[in-house]
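These are the residues of each chain, in order.
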There are 2 protein chains.
Amino acid sequence: MHTELVCVGTELLTGHLNTDSAFIGQKLPDIGIRLDLETTVADKKNDIEKIFQEVLRRSDLIFVTGGLGPTFDDLTREVLAKVLKKKLVFNKEVMETIAYRFAKRDIKMPKENDRQAYIIEGAKVIPNKSGTAPGMIIDLKVNPVKSQKSPVVIILLPGPPKEMQPMIRDIVLPYLKNKFERKIIKTHLIHVCGLTESEVDQKIKNIVETERRLEAGELTFALLAHPSVIDIKITASGTDEMVIDGLIKKAAGEIKDCLKDDVFAENNQTLQTTVGYLLGKKRKTLSIAESCTGGLLGNVITSSPGSSLYFKGGVIAYSNQVKTDILKIPEEILDEHGAVSKEVALTMAQAIKGLYQTDFALGITGIAGPGGGTDNKPVGLVYIALVSKGNQVTKECKFIGSRQEIKFASVIAALDLLRRMLLKN
Amino acid sequence: MHTELVCVGTELLTGHLNTDSAFIGQKLPDIGIRLDLETTVADKKNDIEKIFQEVLRRSDLIFVTGGLGPTFDDLTREVLAKVLKKKLVFNKEVMETIAYRFAKRDIKMPKENDRQAYIIEGAKVIPNKSGTAPGMIIDLKVNPVKSQKSPVVIILLPGPPKEMQPMIRDIVLPYLKNKFERKIIKTHLIHVCGLTESEVDQKIKNIVETERRLEAGELTFALLAHPSVIDIKITASGTDEMVIDGLIKKAAGEIKDCLKDDVFAENNQTLQTTVGYLLGKKRKTLSIAESCTGGLLGNVITSSPGSSLYFKGGVIAYSNQVKTDILKIPEEILDEHGAVSKEVALTMAQAIKGLYQTDFALGITGIAGPGGGTDNKPVGLVYIALVSKGNQVTKECKFIGSRQEIKFASVIAALDLLRRMLLKN
């Protein structure tokens, strides 16, 4: 089977990152399909038509993303219908769904959105839960472009990732899996914090080498480095699902035994869901006092649904006035040690713990840059404090990177400090 | 001129983001060249050969990235030489540079790296400052694949961004600029908030149509929809820079006159930098009280360097206890109207303004979901309040989307409310 992706959008040829291509390329192997070719074409009628002709000539499974919007430069639907020699037919149900989306937000639907209710004749509609343009599955017994009779499947998807991704996950992958029964491929992610990529590599090297030699199925490993976090990706493939599950379980178990507490989560779990789980299990509460992170720590904690069960809130103490007036940090401490110091981080954590009456409290103060650094206290210097009943700990961190990267690294370090304390007590 | 990019690498079809394509697409317009098409192909000899044949048939300028490494799956050099009917010739100078890189790191050079010293006959070598594989410029008077006599330029580059990017910047762009004295292309972005994509389309339709007819240079428009924000991208091309600047200025002016206060920024500016600029200009300060956004508003505000000049901080009042204890919201108001109400949003804003002694204060309360919604107060219902000396305003919003999307939409709406008030007073 020859599988291709066509991405339509001038913006992808003028500097925008193509995340659709990465997402589809990553997901297809889950159902044993590999992407053979990807083409990006501008929003120009003739160019799109030529590419569709070519792609239909050489492929059996074709993904198309982008160009399904309501406006003048969205051409995919019309051009594909033309190349396939199919009509566009008005779909009342789709129209009603689009109208409902506007009604729910009390907005009058513009006339332009009518276009999105036209479906290529014979296509199966993929509902759009996060936008207006529906996707389509066009499953043809006869490819209208090829000379010899052969089938072709065309999957038409909107370009915005939040609209496209759920369609792939919920509708397209199950549809294709059912249609093309193929080798099973499963992946498993182990998330690690507090080690560099090379340290993880060094530590698990022996496991990775042993496992690779197994013959019951194919097993491969990859290290993926993200800001402050390393992922170990285990991929197993074969024909027997139980064998594959067994291979993954064994390999994951050995890696976790080796890396111990440096593993903070697996698969879809995150550092904040792990921390939330541990706090919830122990029925403990948390409050935070943030300076340089400016609200990011709170935002990350509250990205987990249900975080209101353990997170009471915080104070963003961006100015020194807030540090003294609200958190009651003595001016002497600020004068003697400076706002960026372990003493101030600790006093911030103690103060918020008292004010919000929580079991745990985190304090963060630092220099996110790009300005504000000195020789003694350079950009990237961050102090984190964690206090609980009878326990207090501070940590000095030296991060490098942009303002946003330093804020993010501080948040991860703070949550990891709390996670490790929750594991101990 | 038809310009194409071919990216060689299986990893780009299995989930890796293609940053080379974004980089090249972004840089070429600086010298008046547009990327017309991008193709990604796996590390398979036959596939690469077929794509090279096709690309040579239809293009005059071809960029190729990836597949120049020392290992078995690096095939670009050999396949391209074959398609061009050229020999690979050993280049002593390149060999010495590669050997020197290894010597400098006290590493014995593996035999495999020999391959990288072979250059396609007649190619100009592009030195690699961050790796071993050199790039090449192959400038041919006669394209060996096309039937009629026509020239073609092929630019061969290594895949790793830190090797490829300096080659583009330092060697390739100056070479092409010198060779093709061409049209200048400039772009201009106008950022809009408070309207849907179709509403923007409707409003500016006449301007877009009029402008397109201009003959002094080519002018095109595109709408890019982001969460809560619409971008209008104006692209102008021609041979006279002053004419182009004039075209853009005129079109941007007309769009801004038409959309008025719905335009919140242009080019690299963001909503938070605009708000920061307006606060700074008026020497006013801001504090915030967030419930459902959990710190995201503070994080967005403090993503601008220098935000400490106008942002004093905030309170993340996630639990009702914090709302009553810290913000002193009377229990009657919470009981009568519920935590998600315009009354509570307003009291939050008033309280934080008093506590932090600022000129402006924002309060946000709502239901970010996925749980917590009722028939009366569904997920996505958010109240925003803005208070200043002698002024107060509340806004009811109904957002749809994921938890993270609702939080983000709330933050944009809050900042936009503040921006519009700052414009008036």
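In this text the structure is predicted, and so the values were computed from the model without any measurement. (Residues numbered from 1 in each chain as written. Chains lettered and ligands numbered in written order. Predicted model: local features only at pLDDT ≥ 70, side-chain atom pairs only at ≥ 80, totals over all residues. Heavy atoms only, no water.)

K.L.:
Pulling in residues and values, what's your account of the environment of S237(A)?
P.N.:
Residues and elements named next belong to chain A. Relative to the elements of secondary structure, S237 occurs in strand β11 (residues 229-238). Accessibility expressed as a relative area gives 11% for S237, which makes it buried. In this structure the C-alpha to C-alpha distance between S237 and G253, which are 16 residues apart in sequence, comes to 18 Å. (Helix = DSSP H or I, 4+ residues; strand = E, 2+ residues; numbered from the N terminus. Buried < 20%, exposed > 50% of the residue type's maximum accessible area, 1.4 Å probe, protein only.)

K.L.:
Can you explain the domain arrangement of chain A? Please cite residues and give values.
P.N.:
Residues and elements named next belong to chain A. Partitioning chain A into structural domains gives domain 1 (3-179), domain 2 (184-266) and domain 3 (281-424). Distance from the C-alpha centre of domain 2 to the C-alpha centre of domain 3: 33 Å. If you look at the interface, domain 2 gives eight residues, while domain 3 gives seven residues. Summing both partners gives a buried area of about 570 Å² for domain 2 against domain 3, and 56% of it is carried by carbon and sulfur. Its largest share of buried area at the contact with domain 3, domain 2 owes to C193, S228 and D261, together 61% of the area lost on that side. In this structure, the connection of domain 2 to domain 3 is made through one salt bridge. Its salt-bridge partner being R420, residue D262 comes within 3.0 Å of it at the nearest N-O pair. For the pair domain 2 and domain 3, the interface holds four residue pairs in polar contact (both at pLDDT 80 or more). Across the side of domain 2 that touches domain 3, the residue classes break down as four nonpolar, two polar and two charged. (Domains from an automatic or database assignment. Contact = heavy atoms within 4.5 Å. Buried area = accessible area lost by both parts, 1.4 Å probe. Salt bridge = Lys/Arg side-chain N within 4 Å of Asp/Glu carboxyl O. Polar contact = N/O pair within 3.5 Å; in protein donor to acceptor, adjacent residues only side chain to side chain. Nonpolar A, V, L, I, M, F, W, Y, C, P; charged D, E, K, R; others polar.)

K.L.:
How would you sum up helix α12 (residues 342-356) of chain A? Please name residues and give values.
P.N.:
Residue and element names in this part refer to chain A. Relative to the 21 Å expected for 15 residues at 1.5 Å per residue, α12 spans 21 Å between its end C-alpha atoms, a close match to the ideal helical length. Every buried residue of α12 is accounted for by V344, A345, L346, T347, M348, A349, A351, I352 and Y356. One or two residues past the end of α12 sits Q357, with phi positive at roughly 50 degrees. (Expected span 1.5 Å × (residues − 1).)

K.L.:
Outline helix α3 (residues 76-84) of chain A, supporting the account with residue identities and numerical values.
P.N.:
Spacing of three or four residues puts side chains on the same side of an α-helix, whose turn is 3.6 residues. All names here are of chain A. Taking burial as the measure, the nine residues of α3 include seven buried ones, the bulk of the element. Listing the buried residues of α3 in full gives T76, R77, V79, L80, A81, V83 and L84. Just past α3, the residue K85 takes up positive phi, approximately 55 degrees.

K.L.:
Which residues make up the pattern of salt bridges, and what are the values?
P.N.:
All chains considered together, the criterion is met by 38 salt bridges over all chains. The salt bridge partner of E78(A) is R115(A), with a shortest N-O separation of 3.3 Å. Here R115(A) lies in the loop between α4 (92-104) and β5 (118-120) and E78(A) lies in helix α3, a separation of 37 residues in the sequence. With a relative accessible area of 28%, E78(A) lands in the partly exposed category. K186(A) is the partner of D245(A) in a salt bridge, and the nearest nitrogen-oxygen pair spans 3.0 Å. A residue pair is termed long-range when its members are at least 10 positions apart, and D245(A) in helix α7 (residues 241-259) and K186(A) in strand β9 (residues 184-193) qualify at 59 residues. Judged by relative accessible area, which is 33%, D245(A) ranks as partly exposed. Each member of the salt-bridge network shares a partner with another, and the members are E4(A), E54(A), R58(A), E4(B), E54(B) and R58(B).

K.L.:
Describe in detail the environment of G306(B), supporting the description with residues and values.
P.N.:
Following the sequence through the fold, G306(B) ends up in the loop between α9 (296-301) and β14 (311-317). The spatial distance from the C-alpha of G306(B) to the C-alpha of I329(B) is 32 Å, given a sequence separation of 23 residues.

K.L.:
How would you sum up the interface of chain A and chain B? Please name residues and give values.
P.N.:
Of the residues lining the interface, 77 residues belong to chain A; the matching set on chain B comes to 79 residues. A buried area of about 6,000 Å², summed over both sides, lies between chain A and chain B, and 53% of it is on carbon and sulfur atoms. When residues of chain A are sorted by the area they lose upon contact with chain B, L13(A), F72(A) and Y318(A) head the list and together hold 10% of the total. The interface formed by chain A and chain B contains six salt bridges. For E54(A), the salt bridge is made with R58(B), and the minimal N-O distance between the two is 2.8 Å. Where chain A packs against chain B, one counts 31 residue pairs in polar contact (both at pLDDT 80 or more). With seven residues, strand β14 (residues 311-317) of chain A is the largest single contributor of residues to the side of chain A that touches chain B. Looking at the side of chain A that touches chain B residue by residue, the classes come out as 27 nonpolar, 29 polar and 21 charged. In the sheet, strand β2 (residues 37-41) of chain A pairs with strand β2 (residues 37-41) of chain B via five bridges, with the strands oriented antiparallel. In the strand pairing of β2(B), E38(A) is matched with T40(B). (Pairing = 2+ DSSP bridges.)

K.L.:
Could you give me a rundown of the sheet that holds strand β7 (residues 135-140) of chain B, with the residues and numbers involved?
P.N.:
An order of β6(A)-β7(A)-β8(A)-β3(A)-β1(A)-β2(A)-β2(B)-β1(B)-β3(B)-β8(B)-β7(B)-β6(B) is seen for the 12 strands of this open sheet, with the pairing classed as mixed. Each edge of the sheet is formed by a strand with only one pairing partner; in this case those strands are β6 (124-126) of chain A together with β6 (124-126) of chain B. Within this sheet the neighbouring strands show an average axis-to-axis angle of 15 degrees, counted without direction. Bridging between strand β1 (residues 3-8) of chain B and β2(B) involves five bridges; their strand directions are parallel. (Axes fitted to C-alpha atoms, helices over the stretch in contact; angles between N-to-C directions.)

K.L.:
Give me the packing of aromatic side chains: which residues, what numbers.
P.N.:
Applying the stated criterion across every chain yields a total of four aromatic pairs over all chains. Ring centres of Y318(A) and F311(B) lie 5.6 Å apart, and the angle between their planes is 50 degrees; on these two criteria the pair is classed as tilted. Taken together, the residues span two chains, with Y318(A) in the loop between β14 and α10 (320-325) and F311(B) in strand β14. Comparing Y318(A) with F311(B), the two get one shared label, buried. If you follow K179(A) out to its NZ or CZ, it ends over the ring of F180(A), 5.9 Å from the centre. (Phe/Tyr/Trp six-rings, centres within 6.5 Å; stacked < 30°, edge-to-face > 60°. Lys NZ or Arg CZ within 6 Å of the ring centre and 35° of its normal.)

K.L.:
Describe a negative patch on the surface, and please don't skip the residues or the numbers.
P.N.:
Residues and elements named next belong to chain A. On the surface, a cluster of negative charge is made up of D325, E331, E332, D335 and E336. With four residues, helix α11 (residues 331-337) is the single largest residue contributor to the negative patch. Assignment of secondary structure puts E336 in helix α11. (Patch = residues over 30% accessible without salt bridge, like charges linked within 9 Å, V, L, I, M, F, W, Y side chains within 5 Å. Areas by Shrake-Rupley, 256 points an atom, 1.4 Å probe, with all protein chains shown as cover. Lys, Arg positive; Asp, Glu negative; His and termini not counted. Charge placed at Lys NZ, Arg CZ, Asp CG, Glu CD.)

K.L.:
Describe unusual backbone geometry, naming the residues involved and giving the relevant values.
P.N.:
All names here are of chain A. Cis geometry is adopted by the peptide bond preceding P370, which originates at G369 and carries an omega value of 0 degrees. Residue position: P370 is located in the loop between β15 (360-366) and β16 (381-388). A positive phi angle, close to 65 degrees, is found at S228, a residue other than glycine. Positionally, S228 belongs in the loop between β10 (218-226) and β11. Of the residues examined, S228 reaches a relative accessible area of 34% and is grouped as partly exposed.

K.L.:
Before we move on, can you summarise the state of the cysteines with the specific residues and values?
P.N.:
Across all of its chains, the model carries zero disulfides over all chains by this definition. Cysteine C7(A) is unpaired, with the sulfur of C7(B) as its nearest cysteine sulfur at 12 Å. No disulfide involves C292(B); its nearest neighbouring cysteine sulfur is the one of C397(B), lying 9.8 Å away. Residue C292(B) is classed as buried on the basis of its relative accessible area of 4%. (Disulfide = S-S within 2.5 Å.)

K.L.:
Outline the side chain of T132(A), supporting the account with residue identities and numerical values.
P.N.:
All names here are of chain A. Looking at where T132 falls in the secondary structure, it is placed in the loop between β6 and β7 (135-140). Separated by 2.6 Å, the side chains of T132 and Q116 make a polar contact. Excluding residues that lie within four positions of it along the chain, T132 makes contacts with I98, R101, F102, N113, Q116 and E163.

K.L.:
Can you tell me about the sheet that holds β9(A), naming the residues and giving the values?
P.N.:
Residues and elements named next belong to chain A. With antiparallel pairing, four strands are arranged side by side in an open sheet as β10-β11-β9-β12. With partners counted over all chains shown, the strands left at the sheet margins are β10 and β12 (263-266), one partner each. Going across the sheet, the axis of each strand differs from the next one's by a mean of 20 degrees, ignoring polarity. The sheet contact formed by β9 and β12 spans three bridges and is antiparallel. Bridge pairing in β12 links V192 to V263.

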